[in-house]
Amino acid sequence: MARFFVSGSKKIDTEIVDTENDGLLVIGAGLPRTGTLSMKAALIKLFKGKCYHMTEVWQGDQEDLDIWMNGLKGLNSSEEWRDYFKKKGFVTGVDFPMSLCWKELSQVYPDAKIILTTRDPGTWYDSVFNSVWQFNLLLHNSWTFRLMCKMFDLRHGSERWMDVVEETVGTGMSIGIGPAISAGPKAGKQFFKDWEASVKANISPERLLVHQAKDGWEPLCKFLGVPIPDEPYPRINDTASIQQDLRNLKLMHAAIFYIAPISMSILGGFLFKERLFAVVRTLPEAFISPLKSVFMK
């Protein structure tokens, strides 16, 4: 049900023409909400091949969930990683969960280039909190919302997926993204800085590109050794679009758990009122008197 993350994804995927691959060519190491969906669109445009993103987990099958549930626990072998990406046909990848495994995957694919998508640390926390984090809060605070999500995603373990992502501690980090965001803006900003420092400390400069969406095509294409497309750099999945998707989910939740039951109760009462009245008449007078004033005027 958390497929509201896929805003704009289907349009991006129309650029894919090559589904064959010999391994990952680009590994994204940037945090969510650092222009990762825009980078996905850019990489698909440049390579004409599939780019992994959190959207693939939500839209995928059981294998797409299992590979990451195991991978985030450090249980996948290099061969299992390579077999998975080859079978699924991905040539690049960005965003969580891939960037949670950036160091391990950079070792599995030693020739792959690493891209650290970034933004102003001061605005990153607000972007996360006001968009995807609101979905997480609903999951944590509403059992009916969790039930709805499970109704629409019956894969084994799907109900634990976001908890695993939030709690996974990345390379060089002391906490996961969940506790960092929960702790507030100051902790979130420090988490962002520590994350980027860890990536820069572990990846050689010639293998790493630090990229903001406003940098556009030129540094990206130069780094990858590909021609610059004759069109603007993609800008996709802003906070406003995610907030709209979240509002739609809230409406769906209200319809399923509040509007529909109330409507069915009213309809049932209308259709079966005679039977209900017959049942009421069999009750002792002590129970009937207060009901008469409501139902039998």
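Residues numbered from 1 in each chain as written. Predicted model: local features only at pLDDT ≥ 70, side-chain atom pairs only at ≥ 80, totals over all residues. Heavy atoms only, no water.

Novice: Which parts of the structure should I look at to understand unusual backbone geometry?
Specialist: Look at the link from phenylalanine 96 to proline 97: it is a cis peptide, with omega at 0°. Within the fold, proline 97 resides in the loop between strand S3 (90-93) and helix H6 (102-108). For arginine 33, which is not glycine, the phi torsion reads 65° and is therefore positive. On the basis of relative accessibility, which here comes to 12%, the residue arginine 33 falls in the buried class. At lysine 48, a position not held by glycine, the phi torsion is positive, near 55°. Counting through the fold element by element, lysine 48 comes out in the loop between helix H2 (36-47) and strand S2 (50-52). Using a relative accessible area of 31% as the deciding quantity, one classes lysine 48 as partly exposed. (Helix = DSSP H or I, 4+ residues; strand = E, 2+ residues; numbered from the N terminus. Buried < 20%, exposed > 50% of the residue type's maximum accessible area, 1.4 Å probe, protein only.)

Novice: Help me understand the side chain of serine 131, please; the structure alone is not making it clear to me.
Specialist: Relative to the assigned elements, serine 131 resides in the loop between helix H7 (121-129) and helix H8 (132-141). A polar atom in the side chain of serine 131 sits 2.4 Å from the backbone oxygen of serine 127. (Polar contact = N/O pair within 3.5 Å; in protein donor to acceptor, adjacent residues only side chain to side chain.)

Novice: Teacher, can you tell me more about the side chain of serine 106 here?
Specialist: Checked against the element boundaries, serine 106 lands in helix H6. When sequence neighbours within four positions are dropped, the list of residues in contact with serine 106 reads Ile27, Ile114, Ile203 and Arg207. (Contact = heavy atoms within 4.5 Å.)

Novice: Would you take a moment to explain the packing of H7 against helix H12 (residues 185-202) for this structure?
Specialist: Axis angle and axis distance: for two packed helices, these are the angle between their axes and the distance between the axes, and together they describe the pair. As a packed pair, H7 and H12 sit with axes 9 Å apart at the nearest point and diverge in direction by 115°. Helix-helix and strand crossings are classified by hand; for H7 and H12 the assignment is right-handed. Across the interface between the two elements, Pro121, Gly122, Trp124 and Tyr125 of H7 pack against Pro185, Gly188, Lys189, Phe191, Phe192 and Lys193 of H12. Class assignment of the residues belonging to the contact of H7 with H12 gives a composition of six nonpolar, two polar and two charged. (Axes fitted to C-alpha atoms, helices over the stretch in contact; angles between N-to-C directions. Left-handed = near helix turned anticlockwise from the far one by under 90°. Nonpolar A, V, L, I, M, F, W, Y, C, P; charged D, E, K, R; others polar.)

Novice: Got a minute to help me understand the confidence of the model for the chain in this structure?
Specialist: Interpretation of this model should avoid reading the predicted coordinates in detail wherever pLDDT is low. Averaged over all residues, the pLDDT of the chain equals 84, while 76% of them reach at least 70. For residues 1-5, every residue scores under 50 in pLDDT, and the model assigns this stretch 19 contacts once sequence neighbours within four places are set aside. (pLDDT = per-residue confidence, 0-100.)

Novice: I tried to follow the packing of aromatic side chains on my own but got confused; where do I start?
Specialist: Aromatic ring pairs: the centre-centre distance and the angle between the two ring planes describe each pair. The final tally for this structure, using the stated rule, is 15 aromatic pairs. Note on tyrosine 52 and tyrosine 84: the rings are 6.2 Å apart at their centroids and 65° apart in plane angle, and the pair reads as edge-to-face. Taken together, the residues tyrosine 52 in strand S2 and tyrosine 84 in helix H5 (residues 78-88) connect sequence positions 32 residues apart. You can call tyrosine 52 buried: its relative accessible area is 0%. Overall, tyrosine 84 belongs to the buried group, its relative accessible area being 2%. (Phe/Tyr/Trp six-rings, centres within 6.5 Å; stacked < 30°, edge-to-face > 60°.)

Novice: Help me understand the pattern of salt bridges, please; the structure alone is not making it clear to me.
Specialist: It is possible for side chains of opposite charge to pair when their charged atoms get near one another. Scanning the entire structure with this criterion turns up eight salt bridges. Between glutamate 63 and lysine 88 there is a salt bridge, with its nearest N and O atoms 3.8 Å apart. Note that glutamate 63 is positioned in helix H4 (residues 62-71) and lysine 88 in helix H5, a separation of 25 residues in sequence. Judged by relative accessible area, which is 29%, glutamate 63 ranks as partly exposed. A relative accessible area of 15% means that lysine 88 is categorised as buried. Across the salt bridge formed by aspartate 64 and lysine 88, the nearest N and O atoms sit 3.3 Å from each other. Of the two residues, aspartate 64 is situated in helix H4 and lysine 88 in helix H5; the sequence distance between them amounts to 24 residues. The burial state of aspartate 64 is the same as that of lysine 88; both residues are buried. Bridged by salt links that share partners, the residues Asp61, Glu63, Asp64, Lys87 and Lys88 form one connected network. (Salt bridge = Lys/Arg side-chain N within 4 Å of Asp/Glu carboxyl O.)

Novice: Looking at this structure, I do not really get the nonpolar core. What am I missing?
Specialist: Nonpolar side chains in soluble globular proteins generally cluster together in the buried interior. If you look at the biggest cluster of nonpolar residues, it comprises 54 residues, and the most contacted ones within it are Trp68, Phe85, Leu105, Trp161 and Trp195. Apart from the residues lying within four places of it in its own chain, the contact partners of tryptophan 68 are Tyr52, Val57, Trp81, Tyr84, Phe85, Pro97, Met98, Cys101, Leu105 and Trp161. Counting 17 residues, the second-largest nonpolar core is a separate cluster that includes Val26, Ile44, Cys51 and Val94. (Core = buried A, V, L, I, M, F, W, Y, C linked by side-chain atoms within 4.5 Å.)

Novice: Please clarify how the environment of phenylalanine 85 should be interpreted in this entry.
Specialist: Mapped onto the elements, phenylalanine 85 comes out in helix H5. On the basis of relative accessible area, phenylalanine 85 is assigned to the buried category, the value being 0%. Distance from phenylalanine 85 to lysine 50, taken between C-alpha atoms, is 9.9 Å for residues 35 residues apart in sequence.

Novice: Please explain the pairing of S3 as it appears in this structure.
Specialist: Remark: a regular strand shows side chains that alternate across the two faces of the sheet. Where strand S1 (residues 26-28) lies against S3, two bridges are found, and the strand directions are parallel. The residue of S3 that forms the bridge with isoleucine 27 is glycine 93. Bridge count between S2 and S3: three bridges; the pairing is parallel. Residue pairing across strands places tyrosine 52 opposite glycine 93, the latter belonging to S3. (Pairing = 2+ DSSP bridges.)

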